[in-house]
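Below, each chain spelled out in residue letters.
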Amino acid sequence: MGIRTGQNYINGIKSRNPEVWLNGRLVEDIYNEPIFNQPIHEIAKLYDLQHDPIYQNDITHICEQTGERVNNAFLSPKTGDDLQKRSKLFEVYARKTYGLMGRTPDFLNVVVTSMAHNCWFLDKYNKDWSKNIQNYYKHIRDNDLFLTHAIVNPQNDRSKSSHEQKDPFTHLGTVEETKDGIIVRGAKMLATLAPITDEVIIYSFPGFVPGDERHALAFALPIDAPGLRIICREPVQDGKRSMFDHPLSSRYDEMDALLIFNDVLVPWNKVFLYNNVEAANLLYPMTGIAEQPAHQSGVRGYIKLAFAVEVACKVADSIGVDAYLNVQRDLGEVVQSVEVIRALLRVAEYEYTINEHGEARPNPDALETIRGFLPEMYPRAIEVIQTIGAGGLLMSPTGADFDHPDLREDVEKYYGGRSGVSAEERVRLFKLAWDLCGEAFGMRLLQYERYYTGDPVRKRAIFYNKYKKAKKFSMVDEVLAKPTNEGLETINQ
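Residues numbered from 1 in each chain as written. Predicted model: local features only at pLDDT ≥ 70, side-chain atom pairs only at ≥ 80, totals over all residues. Heavy atoms only, no water.

A. Inspection of the environment of Glu42 at higher detail. Mapped onto the elements, Glu42 comes out in helix α2 (residues 34-49). According to the relative accessible area criterion, Glu42 is buried, its value standing at 4%. Separated by 54 residues in the primary sequence, Glu42 and Lys96 have C-alpha atoms spaced 8.8 Å apart. In contact with Glu42, other than residues within four places in its own chain, are Met101, Arg251 and Tyr252. Of note is the side chain of Glu42, whose polar atom sits 3.3 Å from the side chain of Lys45. (Helix = DSSP H or I, 4+ residues; strand = E, 2+ residues; numbered from the N terminus. Buried < 20%, exposed > 50% of the residue type's maximum accessible area, 1.4 Å probe, protein only. Contact = heavy atoms within 4.5 Å. Polar contact = N/O pair within 3.5 Å; in protein donor to acceptor, adjacent residues only side chain to side chain.)

Quick look at the structure:
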(Lines give C-alpha, C1' and ligand atoms only; values in the text may rest on other atoms or scores of the structure.)
Protein backbone atom coordinates (compact mmCIF):
# COMPACT_ATOMS: atom_id res chain seq x y z
CA MET A 1 0.00 0.00 0.00
CA GLY A 2 2.76 2.49 0.82
CA ILE A 3 1.91 5.91 2.24
CA ARG A 4 -1.48 6.29 3.92
CA THR A 5 -3.75 9.29 3.92
CA GLY A 6 -5.18 10.84 7.06
CA GLN A 7 -8.50 9.18 6.27
CA ASN A 8 -6.79 5.78 5.95
CA TYR A 9 -5.36 6.30 9.43
CA ILE A 10 -8.75 7.36 10.83
CA ASN A 11 -10.42 4.33 9.22
CA GLY A 12 -7.89 2.15 11.03
CA ILE A 13 -8.82 3.78 14.34
CA LYS A 14 -12.49 3.14 13.67
CA SER A 15 -11.90 -0.49 12.76
CA ARG A 16 -10.33 -1.43 16.12
CA ASN A 17 -11.71 -1.78 19.61
CA PRO A 18 -8.79 -1.84 22.08
CA GLU A 19 -9.50 -2.06 25.81
CA VAL A 20 -8.90 1.55 26.82
CA TRP A 21 -9.77 2.87 30.29
CA LEU A 22 -10.13 6.61 30.84
CA ASN A 23 -11.31 8.28 34.06
CA GLY A 24 -12.60 4.97 35.39
CA ARG A 25 -14.68 4.08 32.35
CA LEU A 26 -14.17 1.83 29.35
CA VAL A 27 -13.97 3.86 26.14
CA GLU A 28 -16.45 2.38 23.68
CA ASP A 29 -15.57 4.51 20.66
CA ILE A 30 -11.97 5.72 20.37
CA TYR A 31 -12.53 8.02 17.40
CA ASN A 32 -15.53 9.84 18.87
CA GLU A 33 -14.07 10.13 22.37
CA PRO A 34 -13.70 13.93 22.80
CA ILE A 35 -10.33 13.66 24.54
CA PHE A 36 -8.87 11.66 21.64
CA ASN A 37 -10.67 13.15 18.66
CA GLN A 38 -8.62 16.29 18.02
CA PRO A 39 -5.22 14.60 18.57
CA ILE A 40 -6.35 11.92 16.08
CA HIS A 41 -6.95 14.67 13.53
CA GLU A 42 -3.56 16.26 14.23
CA ILE A 43 -1.88 12.92 13.46
CA ALA A 44 -4.10 12.50 10.38
CA LYS A 45 -2.80 15.84 9.08
CA LEU A 46 0.75 14.43 9.18
CA TYR A 47 -0.31 11.47 7.06
CA ASP A 48 -1.95 13.84 4.58
CA LEU A 49 1.34 15.75 4.20
CA GLN A 50 2.72 12.65 2.48
CA HIS A 51 0.34 13.33 -0.41
CA ASP A 52 0.82 17.11 -0.48
CA PRO A 53 2.96 18.13 -3.49
CA ILE A 54 4.61 20.80 -1.36
CA TYR A 55 5.99 18.21 1.08
CA GLN A 56 5.86 14.82 -0.63
CA ASN A 57 9.37 14.76 -2.08
CA ASP A 58 10.84 16.06 1.18
CA ILE A 59 9.30 13.46 3.47
CA THR A 60 8.80 10.36 1.31
CA HIS A 61 10.73 8.30 -1.23
CA ILE A 62 10.18 5.42 -3.64
CA CYS A 63 11.02 2.12 -1.94
CA GLU A 64 13.56 0.11 -3.96
CA GLN A 65 12.05 -3.19 -2.81
CA THR A 66 8.37 -2.51 -3.51
CA GLY A 67 8.29 0.40 -5.97
CA GLU A 68 5.78 2.09 -3.64
CA ARG A 69 6.22 5.53 -2.11
CA VAL A 70 7.02 5.23 1.61
CA ASN A 71 7.83 7.60 4.46
CA ASN A 72 11.44 8.66 5.01
CA ALA A 73 11.31 7.22 8.52
CA PHE A 74 11.65 3.86 6.74
CA LEU A 75 14.76 5.01 4.87
CA SER A 76 17.75 3.11 6.20
CA PRO A 77 20.45 5.78 5.97
CA LYS A 78 23.58 4.78 4.09
CA THR A 79 24.87 8.26 3.22
CA GLY A 80 24.90 11.77 4.58
CA ASP A 81 22.20 12.66 2.07
CA ASP A 82 19.97 9.97 3.55
CA LEU A 83 20.41 11.50 7.01
CA GLN A 84 19.46 14.88 5.57
CA LYS A 85 16.30 13.39 4.07
CA ARG A 86 15.29 11.97 7.41
CA SER A 87 16.14 15.24 9.14
CA LYS A 88 13.82 17.07 6.76
CA LEU A 89 10.99 14.67 7.65
CA PHE A 90 11.60 15.17 11.36
CA GLU A 91 11.54 18.94 10.98
CA VAL A 92 8.38 19.02 8.84
CA TYR A 93 6.47 16.88 11.35
CA ALA A 94 7.83 18.84 14.32
CA ARG A 95 6.97 22.22 12.82
CA LYS A 96 3.41 21.08 12.08
CA THR A 97 2.97 20.18 15.76
CA TYR A 98 5.35 22.88 17.15
CA GLY A 99 7.44 20.10 18.69
CA LEU A 100 4.66 19.49 21.22
CA MET A 101 3.90 15.92 20.13
CA GLY A 102 6.98 13.87 20.91
CA ARG A 103 5.73 10.53 19.65
CA THR A 104 4.56 11.25 16.10
CA PRO A 105 4.73 8.23 13.74
CA ASP A 106 8.28 8.97 12.57
CA PHE A 107 9.83 8.27 15.98
CA LEU A 108 9.22 4.55 16.41
CA ASN A 109 9.30 3.82 12.72
CA VAL A 110 12.92 4.99 12.84
CA VAL A 111 13.53 2.63 15.79
CA VAL A 112 12.22 -0.39 13.88
CA THR A 113 14.14 0.64 10.76
CA SER A 114 17.35 0.73 12.78
CA MET A 115 16.63 -2.64 14.41
CA ALA A 116 15.98 -4.21 11.02
CA HIS A 117 19.13 -2.74 9.47
CA ASN A 118 21.15 -4.13 12.37
CA CYS A 119 19.43 -7.50 12.49
CA TRP A 120 22.92 -9.06 12.29
CA PHE A 121 23.07 -8.54 16.05
CA LEU A 122 19.92 -10.58 16.70
CA ASP A 123 21.12 -13.17 14.18
CA LYS A 124 24.00 -13.98 16.53
CA TYR A 125 21.52 -15.17 19.16
CA ASN A 126 18.57 -16.49 17.20
CA LYS A 127 18.08 -16.40 13.43
CA ASP A 128 14.30 -16.31 13.89
CA TRP A 129 14.58 -13.04 15.86
CA SER A 130 16.53 -11.51 12.99
CA LYS A 131 14.01 -12.71 10.41
CA ASN A 132 11.10 -11.52 12.55
CA ILE A 133 12.33 -7.94 12.92
CA GLN A 134 13.03 -7.71 9.20
CA ASN A 135 9.53 -8.93 8.39
CA TYR A 136 8.02 -6.59 10.97
CA TYR A 137 9.87 -3.65 9.44
CA LYS A 138 8.39 -4.52 6.05
CA HIS A 139 4.94 -4.89 7.62
CA ILE A 140 4.89 -1.41 9.18
CA ARG A 141 6.65 0.17 6.18
CA ASP A 142 4.29 -1.27 3.59
CA ASN A 143 1.19 -0.46 5.67
CA ASP A 144 2.51 2.90 6.99
CA LEU A 145 1.61 2.02 10.56
CA PHE A 146 1.73 4.19 13.67
CA LEU A 147 3.36 2.60 16.73
CA THR A 148 3.53 3.30 20.42
CA HIS A 149 6.07 1.72 22.73
CA ALA A 150 6.39 0.95 26.42
CA ILE A 151 9.96 0.45 27.65
CA VAL A 152 9.83 1.45 31.33
CA ASN A 153 8.81 -0.75 34.24
CA PRO A 154 6.15 0.50 36.69
CA GLN A 155 7.67 2.50 39.54
CA ASN A 156 7.21 -0.05 42.31
CA ASP A 157 10.25 -1.05 44.37
CA ARG A 158 13.01 0.48 42.31
CA SER A 159 15.66 -0.81 44.69
CA LYS A 160 14.99 -4.32 43.37
CA SER A 161 15.38 -5.87 39.94
CA SER A 162 12.42 -7.23 37.98
CA HIS A 163 12.66 -10.79 39.24
CA GLU A 164 12.95 -9.58 42.86
CA GLN A 165 9.61 -7.75 42.91
CA LYS A 166 7.00 -9.04 45.39
CA ASP A 167 4.92 -10.31 42.48
CA PRO A 168 7.26 -11.76 39.83
CA PHE A 169 4.91 -10.48 37.12
CA THR A 170 4.66 -6.90 38.30
CA HIS A 171 7.13 -6.13 35.52
CA LEU A 172 6.26 -7.63 32.17
CA GLY A 173 7.56 -11.17 31.81
CA THR A 174 7.01 -14.48 30.10
CA VAL A 175 4.63 -16.91 31.82
CA GLU A 176 5.05 -19.87 29.50
CA GLU A 177 5.86 -21.02 26.00
CA THR A 178 3.24 -22.55 23.72
CA LYS A 179 3.36 -23.92 20.20
CA ASP A 180 1.80 -20.64 19.01
CA GLY A 181 4.04 -18.25 20.91
CA ILE A 182 4.84 -16.92 24.37
CA ILE A 183 2.32 -15.88 27.00
CA VAL A 184 3.28 -12.60 28.71
CA ARG A 185 1.99 -11.03 31.91
CA GLY A 186 2.71 -7.79 33.75
CA ALA A 187 2.95 -4.09 32.90
CA LYS A 188 5.02 -1.51 31.04
CA MET A 189 4.77 2.28 30.70
CA LEU A 190 4.68 5.08 29.39
CA ALA A 191 2.86 4.24 26.21
CA THR A 192 2.38 7.69 24.70
CA LEU A 193 -0.62 8.05 22.35
CA ALA A 194 -1.35 4.32 22.80
CA PRO A 195 -5.16 4.54 22.36
CA ILE A 196 -4.82 6.12 18.91
CA THR A 197 -1.98 4.01 17.49
CA ASP A 198 -2.05 0.89 15.33
CA GLU A 199 0.41 -1.34 17.18
CA VAL A 200 2.77 -1.45 20.15
CA ILE A 201 6.41 -2.50 20.25
CA ILE A 202 7.97 -3.61 23.52
CA TYR A 203 11.68 -3.52 24.35
CA SER A 204 13.66 -2.29 27.35
CA PHE A 205 16.56 -0.16 28.49
CA PRO A 206 19.72 -2.05 29.48
CA GLY A 207 20.00 -3.02 33.14
CA PHE A 208 18.93 -6.65 33.32
CA VAL A 209 20.70 -8.90 35.83
CA PRO A 210 20.90 -12.70 36.12
CA GLY A 211 17.45 -13.88 37.21
CA ASP A 212 15.68 -11.37 34.94
CA GLU A 213 15.61 -13.76 31.99
CA ARG A 214 11.83 -13.96 31.78
CA HIS A 215 11.68 -10.14 31.65
CA ALA A 216 14.25 -9.81 28.83
CA LEU A 217 11.78 -9.34 25.99
CA ALA A 218 11.21 -7.55 22.71
CA PHE A 219 8.08 -8.06 20.62
CA ALA A 220 5.23 -6.30 18.82
CA LEU A 221 1.44 -6.65 18.80
CA PRO A 222 -1.66 -4.89 17.47
CA ILE A 223 -2.91 -2.36 20.01
CA ASP A 224 -6.18 -4.29 20.31
CA ALA A 225 -4.53 -7.64 21.06
CA PRO A 226 -6.76 -9.79 23.35
CA GLY A 227 -5.78 -9.37 26.99
CA LEU A 228 -3.99 -6.04 26.51
CA ARG A 229 -5.45 -3.40 28.82
CA ILE A 230 -4.65 0.31 28.43
CA ILE A 231 -5.10 2.55 31.49
CA CYS A 232 -4.77 6.24 30.60
CA ARG A 233 -3.37 8.90 32.89
CA GLU A 234 -5.68 11.68 33.99
CA PRO A 235 -6.42 13.88 30.96
CA VAL A 236 -5.19 17.47 30.97
CA GLN A 237 -8.23 18.60 28.98
CA ASP A 238 -11.77 17.34 28.42
CA GLY A 239 -11.82 17.53 24.63
CA LYS A 240 -14.47 20.27 24.73
CA ARG A 241 -12.34 23.27 25.59
CA SER A 242 -12.49 26.37 23.44
CA MET A 243 -9.54 26.67 21.06
CA PHE A 244 -9.59 30.42 21.76
CA ASP A 245 -8.99 29.80 25.47
CA HIS A 246 -6.77 26.73 25.12
CA PRO A 247 -5.10 26.83 21.69
CA LEU A 248 -2.50 24.14 22.48
CA SER A 249 -4.03 21.68 24.95
CA SER A 250 -7.18 21.43 22.83
CA ARG A 251 -5.09 20.16 19.89
CA TYR A 252 -1.86 18.52 20.94
CA ASP A 253 -2.42 16.58 24.15
CA GLU A 254 -0.55 13.26 23.92
CA MET A 255 -2.25 10.72 26.14
CA ASP A 256 0.13 8.52 28.13
CA ALA A 257 -0.87 5.09 29.36
CA LEU A 258 0.08 2.07 31.41
CA LEU A 259 -0.08 -1.16 29.40
CA ILE A 260 -1.17 -4.25 31.32
CA PHE A 261 -0.69 -7.63 29.65
CA ASN A 262 -3.12 -10.13 31.12
CA ASP A 263 -1.68 -13.40 29.75
CA VAL A 264 -1.37 -12.06 26.23
CA LEU A 265 -0.25 -14.37 23.44
CA VAL A 266 2.68 -13.07 21.41
CA PRO A 267 3.02 -15.15 18.21
CA TRP A 268 6.49 -16.53 17.59
CA ASN A 269 6.84 -14.46 14.42
CA LYS A 270 6.46 -11.24 16.45
CA VAL A 271 9.12 -12.13 19.03
CA PHE A 272 12.38 -10.21 18.50
CA LEU A 273 14.20 -11.13 21.72
CA TYR A 274 13.35 -13.52 24.49
CA ASN A 275 14.83 -15.03 27.64
CA ASN A 276 18.32 -13.62 27.10
CA VAL A 277 19.76 -11.04 29.51
CA GLU A 278 22.93 -10.45 27.51
CA ALA A 279 21.08 -9.74 24.27
CA ALA A 280 18.61 -7.45 26.05
CA ASN A 281 21.42 -5.42 27.61
CA LEU A 282 23.20 -5.03 24.26
CA LEU A 283 20.11 -4.25 22.17
CA TYR A 284 20.47 -0.47 22.48
CA PRO A 285 24.17 -0.04 21.69
CA MET A 286 24.32 -2.70 18.99
CA THR A 287 21.24 -1.79 16.93
CA GLY A 288 21.50 2.00 16.88
CA ILE A 289 18.18 2.51 18.65
CA ALA A 290 19.82 5.16 20.79
CA GLU A 291 21.38 7.36 18.08
CA GLN A 292 18.81 7.11 15.29
CA PRO A 293 15.70 8.09 17.31
CA ALA A 294 17.86 10.61 19.20
CA HIS A 295 18.19 12.38 15.86
CA GLN A 296 14.38 12.62 15.61
CA SER A 297 13.97 13.72 19.22
CA GLY A 298 16.77 16.26 18.82
CA VAL A 299 15.07 17.90 15.84
CA ARG A 300 11.71 17.77 17.59
CA GLY A 301 13.23 19.22 20.78
CA TYR A 302 14.87 22.02 18.79
CA ILE A 303 11.53 23.04 17.28
CA LYS A 304 9.78 22.79 20.65
CA LEU A 305 12.41 24.98 22.31
CA ALA A 306 12.30 27.46 19.42
CA PHE A 307 8.52 27.66 19.75
CA ALA A 308 8.70 28.32 23.50
CA VAL A 309 11.29 31.04 22.90
CA GLU A 310 9.09 32.65 20.23
CA VAL A 311 6.24 32.71 22.74
CA ALA A 312 8.50 34.38 25.32
CA CYS A 313 9.61 37.04 22.82
CA LYS A 314 6.06 37.75 21.64
CA VAL A 315 4.73 38.03 25.21
CA ALA A 316 7.49 40.50 26.09
CA ASP A 317 6.87 42.54 22.96
CA SER A 318 3.10 42.63 23.40
CA ILE A 319 3.34 44.56 26.67
CA GLY A 320 6.55 46.44 25.91
CA VAL A 321 8.69 44.92 28.67
CA ASP A 322 11.47 43.95 26.27
CA ALA A 323 12.60 47.56 26.55
CA TYR A 324 14.14 46.63 29.93
CA LEU A 325 17.72 45.37 30.08
CA ASN A 326 17.02 42.43 32.42
CA VAL A 327 14.29 41.15 30.08
CA GLN A 328 16.58 41.55 27.08
CA ARG A 329 19.22 39.54 28.93
CA ASP A 330 16.79 36.69 29.68
CA LEU A 331 15.45 36.65 26.14
CA GLY A 332 18.97 36.75 24.72
CA GLU A 333 19.86 33.74 26.86
CA VAL A 334 16.99 31.59 25.61
CA VAL A 335 17.47 32.69 22.00
CA GLN A 336 21.09 31.58 22.25
CA SER A 337 19.97 28.24 23.68
CA VAL A 338 17.99 27.63 20.47
CA GLU A 339 21.10 28.41 18.43
CA VAL A 340 23.15 25.98 20.53
CA ILE A 341 20.74 23.12 19.80
CA ARG A 342 20.55 24.03 16.11
CA ALA A 343 24.35 24.02 15.86
CA LEU A 344 24.61 20.67 17.63
CA LEU A 345 22.10 19.16 15.21
CA ARG A 346 24.15 20.32 12.25
CA VAL A 347 27.28 18.84 13.81
CA ALA A 348 25.45 15.55 14.42
CA GLU A 349 24.25 15.42 10.81
CA TYR A 350 27.44 16.46 9.05
CA GLU A 351 29.92 14.60 11.26
CA TYR A 352 28.23 11.28 10.61
CA THR A 353 29.99 7.93 10.40
CA ILE A 354 29.29 4.78 8.40
CA ASN A 355 29.46 1.64 10.51
CA GLU A 356 30.80 -1.68 9.31
CA HIS A 357 27.28 -2.71 8.29
CA GLY A 358 26.81 0.28 5.99
CA GLU A 359 24.54 2.32 8.24
CA ALA A 360 25.07 6.09 8.43
CA ARG A 361 24.80 7.27 12.02
CA PRO A 362 24.74 10.87 13.27
CA ASN A 363 27.53 11.97 15.61
CA PRO A 364 26.51 10.40 18.94
CA ASP A 365 28.38 12.90 21.12
CA ALA A 366 26.51 15.84 19.58
CA LEU A 367 23.15 14.10 20.00
CA GLU A 368 23.90 13.12 23.58
CA THR A 369 24.92 16.72 24.30
CA ILE A 370 21.50 17.83 23.04
CA ARG A 371 19.95 15.29 25.38
CA GLY A 372 22.01 16.79 28.21
CA PHE A 373 21.14 20.41 27.47
CA LEU A 374 17.43 20.25 26.57
CA PRO A 375 16.28 19.12 30.04
CA GLU A 376 17.78 22.38 31.31
CA MET A 377 17.16 24.73 28.40
CA TYR A 378 13.48 24.01 27.90
CA PRO A 379 12.53 24.51 31.60
CA ARG A 380 14.52 27.74 31.53
CA ALA A 381 12.52 28.98 28.52
CA ILE A 382 9.30 28.16 30.36
CA GLU A 383 10.58 30.02 33.44
CA VAL A 384 11.29 33.08 31.31
CA ILE A 385 7.72 33.03 29.95
CA GLN A 386 6.38 32.77 33.50
CA THR A 387 8.57 35.64 34.69
CA ILE A 388 7.77 37.98 31.81
CA GLY A 389 4.03 37.22 31.80
CA ALA A 390 3.84 37.51 35.59
CA GLY A 391 0.33 38.15 36.96
CA GLY A 392 -1.01 38.81 33.49
CA LEU A 393 -0.89 35.09 32.80
CA LEU A 394 -3.50 34.55 35.52
CA MET A 395 -5.84 37.37 34.54
CA SER A 396 -7.06 36.68 31.03
CA PRO A 397 -10.78 36.87 30.18
CA THR A 398 -12.37 34.16 28.06
CA GLY A 399 -13.40 34.16 24.44
CA ALA A 400 -17.00 34.35 25.65
CA ASP A 401 -16.22 37.67 27.38
CA PHE A 402 -15.11 39.14 24.07
CA ASP A 403 -18.33 37.93 22.46
CA HIS A 404 -20.66 39.52 25.03
CA PRO A 405 -21.76 43.03 23.98
CA ASP A 406 -21.95 44.26 27.60
CA LEU A 407 -18.30 43.32 28.23
CA ARG A 408 -16.63 44.04 24.93
CA GLU A 409 -15.81 47.68 25.68
CA ASP A 410 -14.27 46.85 29.06
CA VAL A 411 -12.09 44.02 27.81
CA GLU A 412 -10.93 46.11 24.87
CA LYS A 413 -9.96 48.94 27.24
CA TYR A 414 -8.33 47.06 30.09
CA TYR A 415 -6.70 44.11 28.35
CA GLY A 416 -4.96 45.92 25.53
CA GLY A 417 -1.18 45.69 25.16
CA ARG A 418 1.39 48.26 24.09
CA SER A 419 0.50 50.69 21.31
CA GLY A 420 -0.62 48.74 18.28
CA VAL A 421 -1.51 45.52 20.17
CA SER A 422 -5.25 45.02 20.57
CA ALA A 423 -6.85 43.41 23.61
CA GLU A 424 -7.83 40.30 21.66
CA GLU A 425 -4.33 39.93 20.24
CA ARG A 426 -2.72 40.25 23.68
CA VAL A 427 -5.19 37.96 25.42
CA ARG A 428 -4.89 35.24 22.80
CA LEU A 429 -1.12 35.43 23.11
CA PHE A 430 -1.22 35.23 26.91
CA LYS A 431 -3.63 32.28 26.75
CA LEU A 432 -1.25 30.45 24.45
CA ALA A 433 1.58 31.24 26.87
CA TRP A 434 -0.42 30.00 29.85
CA ASP A 435 -1.27 26.77 28.03
CA LEU A 436 2.46 26.27 27.58
CA CYS A 437 3.81 27.42 30.94
CA GLY A 438 1.01 27.08 33.50
CA GLU A 439 -1.68 24.59 32.55
CA ALA A 440 -1.39 20.84 33.24
CA PHE A 441 -0.77 20.41 29.51
CA GLY A 442 2.32 22.61 29.70
CA MET A 443 3.55 20.97 32.89
CA ARG A 444 3.32 17.56 31.24
CA LEU A 445 5.44 18.94 28.37
CA LEU A 446 7.95 20.25 30.90
CA GLN A 447 8.21 16.94 32.75
CA TYR A 448 8.43 15.12 29.43
CA GLU A 449 11.43 17.18 28.37
CA ARG A 450 13.19 16.63 31.68
CA TYR A 451 12.91 12.86 31.66
CA TYR A 452 12.12 11.58 28.17
CA THR A 453 15.59 10.02 27.85
CA GLY A 454 15.82 8.94 31.48
CA ASP A 455 17.40 10.40 34.60
CA PRO A 456 19.40 13.43 33.36
CA VAL A 457 21.93 13.10 36.20
CA ARG A 458 22.66 9.47 35.41
CA LYS A 459 22.70 10.15 31.66
CA ARG A 460 25.30 12.89 32.04
CA ALA A 461 27.41 10.68 34.30
CA ILE A 462 27.30 7.90 31.69
CA PHE A 463 28.34 10.40 29.03
CA TYR A 464 31.32 11.53 31.11
CA ASN A 465 32.48 7.98 31.81
CA LYS A 466 32.31 7.11 28.10
CA TYR A 467 34.17 10.32 27.28
CA LYS A 468 36.88 9.49 29.81
CA LYS A 469 37.38 6.03 28.30
CA ALA A 470 37.50 7.33 24.73
CA LYS A 471 39.77 10.36 25.24
CA LYS A 472 43.50 10.31 25.95
CA PHE A 473 43.74 13.90 27.25
CA SER A 474 46.74 14.26 24.95
CA MET A 475 47.09 18.04 25.21
CA VAL A 476 47.67 17.78 28.95
CA ASP A 477 50.15 14.95 28.49
CA GLU A 478 51.90 16.94 25.76
CA VAL A 479 52.41 20.07 27.82
CA LEU A 480 53.57 18.09 30.85
CA ALA A 481 56.06 16.23 28.66
CA LYS A 482 57.81 19.41 27.58
CA PRO A 483 61.23 20.01 29.18
CA THR A 484 60.86 22.07 32.33
CA ASN A 485 63.88 24.25 31.45
CA GLU A 486 63.02 24.82 27.79
CA GLY A 487 64.14 28.33 26.72
CA LEU A 488 65.97 29.11 29.95
CA GLU A 489 69.43 28.69 28.38
CA THR A 490 68.68 31.31 25.74
CA ILE A 491 67.43 33.76 28.36
CA ASN A 492 70.54 33.18 30.49
CA GLN A 493 72.79 33.87 27.52
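From this point on, the discussion continues.
B. Here's a closer look at the sheet that holds strand β6 (residues 173-177). Strand order in the open sheet formed by six strands is β2-β1-β10-β11-β7-β6, with mixed pairing between adjacent strands. The outermost strands of the open sheet, each flanked by one partner alone, are β2 (25-26) and β6. (Pairing = 2+ DSSP bridges.)

C. Local environment of the packing of aromatic side chains. Applying the stated criterion across every chain yields a total of 14 aromatic pairs. Relative to Tyr125, the ring of Phe121 lies with its centre 5.3 Å away and its plane at 70°, an arrangement referred to as edge-to-face. What makes Tyr125 partly exposed here is its relative accessible area of 24%. One aromatic cluster is present, built from ring pairs that chain together Tyr9, Tyr47 and Phe146. (Phe/Tyr/Trp six-rings, centres within 6.5 Å; stacked < 30°, edge-to-face > 60°.)

D. The packing of helix α5 (residues 105-117) against helix α7 (residues 127-143), seen in detail. Relative to each other, α5 and α7 sit at 145°, their axes nearing to 8 Å. Judged by the sense of rotation from one axis to the other, the crossing of α5 with α7 is left-handed. Touching Asn109, Val112, Thr113, Met115 and Ala116 of α5 are Ile133, Gln134, Tyr136, Tyr137 and Ile140, all from α7. Residue classes in the contact of α5 with α7 are distributed as seven nonpolar, three polar and no charged. (Axes fitted to C-alpha atoms, helices over the stretch in contact; angles between N-to-C directions. Left-handed = near helix turned anticlockwise from the far one by under 90°. Nonpolar A, V, L, I, M, F, W, Y, C, P; charged D, E, K, R; others polar.)

E. Fine view of the pattern of salt bridges. Summed over the entire model, instances satisfying the criterion amount to 31 salt bridges. Two residues, Arg241 and Glu439, come together in a salt bridge whose shortest N-O distance is 3.6 Å. Taken as a pair, Arg241 in the loop between β10 (228-232) and α8 (249-252) and Glu439 in the loop between α15 (423-437) and α16 (440-451) lie far apart in primary sequence, 198 residues in all. Its relative accessible area of 27% is what places Arg241 among the partly exposed residues. Overall, Glu439 belongs to the buried group, its relative accessible area being 16%. In this structure, Arg444 and Glu254 form a salt bridge, with 3.2 Å as the shortest nitrogen-oxygen distance. Of this pair, Arg444 sits in helix α16 while Glu254 sits in the loop between α8 and β11 (257-267), placing them 190 residues apart in sequence. (Salt bridge = Lys/Arg side-chain N within 4 Å of Asp/Glu carboxyl O.)

F. Main features of the environment of Ile201. With respect to the secondary-structure elements, Ile201 resides in strand β8 (residues 199-202). Ile201 sits in the buried class, given a relative accessible area of 0%. For the pair formed by Ile201 and Val111, sequence separation is 90 residues and the distance between their alpha carbons is 9.8 Å. Among all residues touching Ile201, those that are not within four sequence positions of it are Leu108, Val112, Met115, Leu147, Thr148, His149, Ala150, Phe219, Ala220 and Phe272.

G. Quick look at the nonpolar core. Membership of the largest hydrophobic core comes to 133 residues, with the highest contact counts inside it found for Tyr9, Phe36, Tyr203, Phe261 and Leu436. By residue number, the principal contributor to this core is helix α10 (residues 291-318), which donates 13 residues. Not counting residues within four places of it along the chain, the set of residues in contact with Tyr203 comprises Leu108, Val111, Met115, His149, Ala150, Ile151, Leu217, Ala218, Leu283, Tyr284 and Ile289. Phe244, Phe402, Ala423 and Val427 belong to the second largest nonpolar core, which has six residues in total. (Core = buried A, V, L, I, M, F, W, Y, C linked by side-chain atoms within 4.5 Å.)

H. Structural detail: unusual backbone geometry. Put simply, Met189 and Leu190 share a cis peptide bond, and its omega is -20°. Tracing the backbone shows Leu190 in the loop between β7 (181-188) and β8. In this model, Asp144 sits at a positive phi of 55°, which is unusual for a non-glycine residue. Relative to the assigned elements, Asp144 resides in the loop between α7 and β5 (147-150). The backbone of Ala390 sits at a positive phi, close to 50°, despite the residue not being glycine. When you line up the elements, Ala390 lands in the loop between α12 (364-389) and α13 (399-403). Residue classification places Ala390 among the partly exposed positions, given a relative accessible area of 44%.

In short, the description is geometric, and any link to function would need to be established separately.
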